[in-house]
Amino acid sequence: QVQLVESGGGLVQAGGSLRLSCAASGRTFSSYAMGWFRQAPGKERETVAAISWSGVSTYYAPFVKGRFTIPRDNAKNTVYLQMNSLKPEDTAVYYCAAKPSPGKANVVGTRAYEYDYWGQGTQVTVSS
């Protein structure tokens with residue numbers, strides 16, 4: 001069982017930066033691939049970025065590539081979402097999620113249904 005708590009959301013102007021954090025409970029954080037997702041009002045949840053348990057493999061949605069990064073620190077049981085060059089269309093509730101990595105395979109999950117554990121979400125608002 002993994003419990004996830006996101007933080008770092010807020011209001012920022014277009015072109016600005018935010019860093020979201022997702023702190024995980026438990027001693028097996030390094031056994032999980034992690035992902036960041038977002039959901040804007042009236043829209044479906046979409047995948048933003050994902051990282052394998054070791055950090056070797058990553059995935060970025062085309063609309064954030066070059067602007068966002070997803071580092072993780074297994075010693076701190078934390079995954080981050082560094083968001084730069086923010087745009088108003090990045091406004092959404094951002095969620096982190098954990099996906100077990102059987103056999104320590106360095107795979108990332110790009111679909112929400114692959115993830116077993118979810119945080120409560122943190123609001124990001126980008127003003128124009």
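Located above this text is the structure these notes cover.
Note that the structure is predicted; figures quoted are calculated from it, not measured. (Residues numbered from 1 in each chain as written. Predicted model: local features only at pLDDT ≥ 70, side-chain atom pairs only at ≥ 80, totals over all residues. Heavy atoms only, no water.)

## Regarding the state of the cysteines
Taken as a whole, this structure holds one disulfide when the rule is applied. Covalent S-S linkage joins C22 and C96, the inter-sulfur distance amounting to 1.9 Å. Between C22 and C96, the S-S dihedral sits near 55°, and the bridge is therefore right-handed. Separated by 74 residues along the polypeptide, C22 in strand β3 (residues 18–24) and C96 in strand β10 (residues 92–100) bring together distant segments of the chain. As far as the burial class goes, C22 and C96 line up, both buried. (Disulfide = S-S within 2.5 Å. Helix = DSSP H or I, 4+ residues; strand = E, 2+ residues; numbered from the N terminus. Buried < 20%, exposed > 50% of the residue type's maximum accessible area, 1.4 Å probe, protein only.)

## Side note on the nonpolar core
In terms of nonpolar packing, the biggest core is built from 30 residues, with M34, W36, L81, M83 and Y94 touching the most fellow members. For this core, the elements supplying multiple residues, two or more each, are β3, β4 (32–39), β5 (46–51), β9 (78–83), β10 and β12 (122–127). For M83, the contacting residues outside a window of four places in its chain are G16, S17, L18, L20, R67, F68, Y94 and V124. (Core = buried A, V, L, I, M, F, W, Y, C linked by side-chain atoms within 4.5 Å. Contact = heavy atoms within 4.5 Å.)

Limitation: the analysis is restricted to geometry and does not speak to function.
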